[in-house]
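Each chain, letter by letter, is given below.
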Amino acid sequence: MNTVASLRQSGCKVRVSHFRLVKANNTTDLMATNLMSMREIKENNLQNFILPKGGLTKVEITDLNNKNYEVTAKCNPIDSYNRKIAVKICLGRIEKQMT
């Protein structure tokens with residue numbers, strides 16, 4: 001299986017984005033959440049509101065022939081989010097598309 005590093009070394013452009021569930025502000029409803037990118041979370045200083053469960057990872061690859069591939073891996077809301085596992089799942093899915 002390819003890794004992000006090996007794909008980049010082969011000349012592919014690889015973009016990885018992580019999204020996490022964040023508790024909605026100004027509410028007492030424990031189920032009120034927003035799915036936000038880690039960039040948005042950092043820009044809005046919401047690190048203390050990230051929920052440990054659920055999340056989404058998106059991997060986009062542009063190969064040497066400028067063909068684009070995009071896949072996502074969604075973590076079940078009852079499971080703890082693990083970005084490394086999510087990236088491996090995405091890479092496996094892209095590898096199937098590329099062959």
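Residues numbered from 1 in each chain as written. Predicted model: local features only at pLDDT ≥ 70, side-chain atom pairs only at ≥ 80, totals over all residues. Heavy atoms only, no water.

### Observations regarding the environment of isoleucine 41
Here is step 1: With respect to the helices and strands, the residue isoleucine 41 is situated in helix H2 (residues 38–43).
Here is step 2: A relative accessible area of 0% places isoleucine 41 in the buried class.
Here is step 3: On a C-alpha basis, the gap between isoleucine 41 and valine 4 in space is 23 Å, while along the polypeptide they are 37 residues apart. (Helix = DSSP H or I, 4+ residues; strand = E, 2+ residues; numbered from the N terminus. Buried < 20%, exposed > 50% of the residue type's maximum accessible area, 1.4 Å probe, protein only.)

### Observations regarding the nonpolar core
Here is step 1: Within the largest apolar cluster, 14 residues are counted, with the highest numbers of intra-cluster contacts made by Leu7, Val14, Val59, Ile61, Leu91 and Ile94.
Here is step 2: Elements represented by at least two residues in this core include exactly helix H1 (4–9), strand E3 (53–62), strand E4 (68–80) and helix H3 (83–98).
Here is step 3: Here the element with the most residues in this core is H3; it accounts for five residues. (Core = buried A, V, L, I, M, F, W, Y, C linked by side-chain atoms within 4.5 Å.)

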